[in-house]
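Structural characterization, general
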Amino acid sequence: MGLLEVFLILLGGLGALATETCEIHLDRTLEAGLGRRLLPRLHLLSAEHLNPSVYLGLRLSGLQAGAQEALYLQSLKLHYTQTLLGTDDGNSGRQAKPSMGQLALYLLALRANCEFAVGRKGDRLVSKLKRFLEEEKKAMEEGLTPHTSYYQYSLGVLALCAHGKQLHHSVPHRLLHALEHGHLPGGVDTAAMAGLALTCLQRSGLKHHRLGPALRSLREDILRAQTADGHFGNVYSTPLALQLLETEHSPGLGAVCSQAKAALVSSLQEGAFQNALVISQLLPTLNHRSYADLLSPDCQAPRALLEPVAEPPEPHEVESSRVTLSVPSRGYRQSVQVPFGSSLMDVLLKARELGGFTYETQPSLSGPYLASVMGTEAGDHQYWQLLRDPNIPLLQGIADYRPKDGETLELRLASW
């Protein structure tokens, strides 16, 4: 074999090892359709509807909503300062306080507009988030798991990193420790959020010999979680996973992300993306941005103006749907009739009106969730699981899932 043949073989081998990027390009019509689903949310300015992830997703996308964006950000600022810091108007005590995960998203929303949390109020909000992380870190040191979740812990680390705030070395250490010892429950979305937080720390100049291996491990975990249809974990954890993968260059990544793109297009056509949080996580990916980019955001990049479009009503043959609601642990089973297209939340409300059924909800980053059913509260590391007969867990929440006529839905207290 001559030297030329040997060189060509080596060159071919090097080509096979060439790194690839993860890029998701969708048809502009599909992308704009996703963005328009967030437009109605920008007009809901009451405290219970304000969601910083909506603003964050639009600012990191290639789309914009014009002057309504500025009004929405101003409403967010008023809400978070009033509820978390208190004001003299007497209203702060009557409003539900945002969670620390929501505070972290709010701080990220500020960075998406190239703003820092400054001044006395900004410093106090940052201090609240730092105290939250310290309390969670202590809980992990004592019992391995935080009071809330590793997702919210990672989100808090990411927000402070994006604002250039110095963290005590023990805060990222606890996250790295959990990763290295297999104590990071929560699935693909938690792994992706942890990865984005560590990516931000790495870009900020943090020197730690464990950062690189931890990030590689997280990306490998996400790649192993890709399903046969192309999603990472499931359709709703895929957007955040793609945000992390788009920060990476590695062999074979292009083919993996092409498969994910095909799965996303199929899911979009089936109407899977209705939740504002999931849409806000997907839009940056389509613009080749991630939450980690908020360390140095580009606020001058051009964005296409979204124009509202009246969508035709979905065709259907029936005016109402009959859904059976079941809580086996309490011996409850009731047939409920609701208008066609109603959400599971509407079914629960109707069941309560009929009598014999009670429930309570709590707000979360992705929408309301069941905190109590028929007097039984979900305790530590417990949750009310939603299942569709026969024993199929729902991937959507109570505000997003729309039961079909004739379905049976079960509420089951489960542990994690």
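The present account deals with the structure reproduced in this document. (Residues numbered from 1 in each chain as written. Predicted model: local features only at pLDDT ≥ 70, side-chain atom pairs only at ≥ 80, totals over all residues. Heavy atoms only, no water.)

1. Considerations on the sheet that holds strand β7 (residues 359–362)
The test is simple: Only strands joined by at least two bridges in the DSSP assignment are considered to pair. Numbered from the N terminus, helices here are DSSP runs of H or I no shorter than four residues, and strands are runs of E no shorter than two.
Pairing is antiparallel in the open sheet, where three strands are placed in the order β7-β8-β9. The open sheet has two edge strands, β7 and β9 (376–377), and neither has a second partner. The pairing of β7 with strand β8 (residues 369–373) spans four bridges and is antiparallel. Following the sheet pairing, tyrosine 359 is matched in β8 by valine 373.

2. Overview of the packing of aromatic side chains
Basically, it comes down to this: Think of it this way: a Phe, Tyr or Trp ring, Trp meaning its six-membered ring, pairs with another when their centres are within 6.5 Å, and the plane angle makes it stacked under 30 degrees, edge-to-face over 60, tilted otherwise. Exposure is judged per residue with a 1.4 Å probe applied to protein chains only, and the accessible area is read against the type maximum: over 50% gives exposed, under 20% gives buried, and values in between give partly exposed.
Tallied over the full model, the rule gives four aromatic pairs. With 4.6 Å between their ring centres and 0 degrees between their planes, tyrosine 80 and tyrosine 106 make a pair best called stacked. Separated by 26 residues along the polypeptide, tyrosine 80 in helix α5 (residues 67–85) and tyrosine 106 in helix α6 (residues 100–112) bring together distant segments of the chain. Of the residues examined, tyrosine 106 reaches a relative accessible area of 3% and is grouped as buried. Ring centres of tyrosine 236 and phenylalanine 273 lie 6.4 Å apart, and the angle between their planes is 65 degrees; this geometry places the pair in the edge-to-face category. Note that tyrosine 236 is positioned in the loop between α11 (211–224) and α12 (238–245) and phenylalanine 273 in the loop between α13 (253–269) and α14 (276–286), a separation of 37 residues in sequence. In terms of burial, tyrosine 236 and phenylalanine 273 fall into one category: buried.

3. A closer look at the packing of α6 against helix α7 (residues 119–143)
Spelled out, the test is: To obtain each axis, a line is fitted to C-alpha atoms, and for helices this fit is confined to the stretch in contact; angles are then taken between N-to-C directions over 0 to 180 degrees. Every angle not falling under 35 degrees, over 145, or within 65 to 115 is termed oblique; those three ranges are roughly parallel, roughly antiparallel and roughly perpendicular. Throughout, a crossing is termed right-handed when the near helix is turned clockwise from the far one, and left-handed when it is turned anticlockwise from it by less than a right angle. By the convention used here, residues are in contact when the closest approach between their heavy atoms is within 4.5 Å. Put simply, Ala, Val, Leu, Ile, Met, Phe, Trp, Tyr, Cys and Pro go in the nonpolar bin, Asp, Glu, Lys and Arg in the charged bin, and everything else, Gly too, in the polar bin.
Orientation of α6 relative to α7, taken along the N-to-C sense of each, is 135 degrees, at an axis distance of 10 Å. Of the possible angle classes, the one that applies to α6 and α7 is oblique. As α6 runs across α7, the sense of the crossing is left-handed. Where α6 approaches α7, its residues Met100, Leu103, Ala104, Tyr106 and Leu107 are matched on the opposing element by Leu125, Lys128, Leu129 and Phe132. For the contact of α6 with α7, the residue count by class is eight nonpolar, no polar and one charged.

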